[in-house]
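Read off the chains here:
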There are 2 protein chains.
Amino acid sequence: MPNNQFKRGELYSFITGKASTAIARRLQKKFNAAGLNITIEQWSVLYHLWKQEGISQQELCNATFRDKPSITRLVDNLERLNLVKRVASANDRRINLIYLTKQAQKLQEETMALAEETLNEALITVPSDRIDVCKEVLQIVYDNLK
Amino acid sequence: MPNNQFKRGELYSFITGKASTAIARRLQKKFNAAGLNITIEQWSVLYHLWKQEGISQQELCNATFRDKPSITRLVDNLERLNLVKRVASANDRRINLIYLTKQAQKLQEETMALAEETLNEALITVPSDRIDVCKEVLQIVYDNLK
DNA sequence: GGCATATAGTTGTTTGTGCAACTATCCAAA
DNA sequence: TTTGGATAGTTGCACAAACAACTATATGCC
């Protein structure tokens, strides 16, 4: 049976996300070492804006799996850093569309390279078929709970 | 080659730990629904104390993969909730040994059951051999980066 | 048109995290 | 025995997350 996999003693790291915490810390250190003055959380917002800018804060909530207050404050901080701009939507005045500044556009290549580097360091020695299984399981977990 | 597994577009959820975030949120909701007035982070400290109490804050740092200030404040809050007590070590007066109160001992069974329930919900439909692969990969990631 | 309801975003509060700087204590070597 | 370095823990600061309560705008229905 697929159920009841977890005896005591095995719960901990799954729930606390030790692995993803370690990845995020390593990436943050790389950002700092490169003199990039952004947090991982801010980067995660830019990540989606690089794919498509001019989306609403609500769309950023959905994309980043965060609630509205979190996005409000992340956008606040990104705006203070001159990395994004809020632009009121012409159609619907409740909506802020978020656009990247030129400074933010310049960050894309360097930060994405550091992110790939981090994951390569994390996954070196892991065969790709096992990585695929791991990714699939984590996706299922997310889908089961969201 | 095991390297270079990650093309753009696949980075995001690994780095942000979507799955473990979802698990932690679900468990926190279960705690709240059960009227248990503790956070997941506090629970993660209790988790290690249930295995062995009377350990130092530094040992809690190692066990929970947190830095010293984080543990100081978690222990502060657990002490305010009357769940743990700091006891100065007789041998080494720099050290606080952390002990559980009776209230905290009572929490163990109920919270562990909710944690197992959460993981079963997360992993229902996932065959156990794939879960094993996933756990192994995450452990390797952690070991590669720590 | 006017009102109820839904949606987008903001603000306040509590909790947690990471870093740097700090205090207190211990230990070892001169 | 003193002194210098290591270790344990605390505090201050900036940033982030979750929840509740709030404002402003839009929309659908009478």
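Residues numbered from 1 in each chain as written. Chains lettered and ligands numbered in written order. Predicted model: local features only at pLDDT ≥ 70, side-chain atom pairs only at ≥ 80, totals over all residues. Heavy atoms only, no water.

Asker: What exactly am I supposed to notice about the environment of A:Leu46 here?
Answerer: Looking at the secondary structure, you find A:Leu46 in helix α3 (residues 40-51). Ignoring any residue separated from it by four or fewer positions in sequence, one finds A:Leu46 in contact with A:Ile38, A:Leu78, A:Leu83, A:Val84, A:Leu100, A:Ala104 and A:Leu107. (Helix = DSSP H or I, 4+ residues; strand = E, 2+ residues; numbered from the N terminus. Contact = heavy atoms within 4.5 Å.)

Asker: Is there a simple way to think about the protein's contact with DNA strand D in this case?
Answerer: The local shell around DNA strand D holds 26 residues, among which A:Thr39, A:Asn77, B:Arg25, B:Gln58 and B:Arg73 are the closest. Close to the protein, within 4 Å, the atoms of DNA strand D belong to sugar or phosphate groups at a rate of 60%. A distance of 3.1 Å separates a phosphate oxygen of DNA strand D from a polar atom in the side chain of A:Gln42. At 2.8 Å from a phosphate oxygen of DNA strand D is found a side-chain nitrogen or oxygen belonging to B:Thr72. At the level of secondary structure, the elements contributing two or more residues to the surface near DNA strand D comprise α3 and α5 (68-80) of chain A together with α4 (57-64) and α5 (68-80) of chain B. (Near = heavy atom within 4 Å. Polar contact = N/O pair within 3.5 Å; in protein donor to acceptor, adjacent residues only side chain to side chain.)

Asker: How should the relation of the copies chain B and chain A be read in this particular structure?
Answerer: Both copies of the chain are tied together by a single rotation about an axis and a shift running along it. Superposing chain B onto chain A requires a rotation of 180° together with a translation of 0.0 Å along the rotation axis, leaving an RMSD of 0.1 Å. Within this description, the copies of the chain are treated as partners about a two-fold rotation axis. Closest to the rotation axis within chain B is the C-alpha of B:Cys134, separated from it by 2.2 Å. Here 100% of the contact residues of chain B are again contact residues in chain A; the copies associate through an equivalent surface. (Least-squares fit on C-alpha atoms with pLDDT ≥ 70 in both.)

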